[in-house]
Amino acid sequence: CRAPVAYLTVSSQNARGNQGRRYYQCSACDKFKWLTPAATPSSEPATSINFYAVTDRETLSAVQALLAVPPGVRLGVGRDYTEQRAVPYDYLEVAHAWRVINREKQARFDSFRQG
């Protein structure tokens with residue numbers, strides 16, 4: 001329906017195991033679509049990679065600076081651009097950022113730095 005959407009996260013535990021799943025929901029018709037897959041039971045060991053939400057202003061400002069668009073540059077003209085989604089824009093804004101840390105590699109790196 002082309003109405004604005006909200007990007008949300010299931011915050012409470014439920015019988016379907018959706019806590020933490022990301023989805024977007026239409027503000028006009030309340031239809032939604034999952035952005036992340038459902039959790040599936042696994043016999044494999046847990047991964048050693050952790051994701052941490054970045055909240056400090058200094059880091060978010062640095063990420064925002066990476067997305068700076070020079071004056072006069074038009075966005076929305078690449079292969080992903082379609083007439084159906086034609087919404088003119090001239091900037092990119094950081095909404096969320098995550099720090100990804102592989103615990104095993106981080107431990108090796110820290111050990112190396114300590115000599």
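Residues numbered from 1 in each chain as written. Predicted model: local features only at pLDDT ≥ 70, side-chain atom pairs only at ≥ 80, totals over all residues. Heavy atoms only, no water.

Moving on: the overall build of the protein chain. From N to C terminus, the protein chain includes 2 helices and 5 strands. Ordered by position from N to C terminus, the α and β elements of the protein chain give β-β-β-β-α-β-α. Relative to its full complement of 115 residues, the protein chain shows a buried share of 10%. Within the protein chain, counting contacts between residues at least 6 apart in sequence, those at least 24 apart form 42% of the total. With an accessible surface of roughly 10300 Å², the protein chain has 54% of that area assigned to carbon and sulfur atoms. (Helix = DSSP H or I, 4+ residues; strand = E, 2+ residues; numbered from the N terminus. Buried < 20%, exposed > 50% of the residue type's maximum accessible area, 1.4 Å probe, protein only. Contact = heavy atoms within 4.5 Å. Areas by Shrake-Rupley, 256 points an atom, 1.4 Å probe, with all protein chains shown as cover.)

Glancing now at the side chain of Arg21. With respect to the secondary-structure elements, Arg21 resides in the loop between β1 (5-9) and β2 (22-26). No salt bridge is formed by the buried Arg21. Its closest oppositely charged neighbour is Asp30, at 18 Å. Not counting residues up to four positions away in its chain, the partners in contact with Arg21 are Leu8, Thr9, Val10, Trp34, Thr36, Pro37 and Ala38. (Lys, Arg positive; Asp, Glu negative; His and termini not counted. Salt bridge = Lys/Arg side-chain N within 4 Å of Asp/Glu carboxyl O.)

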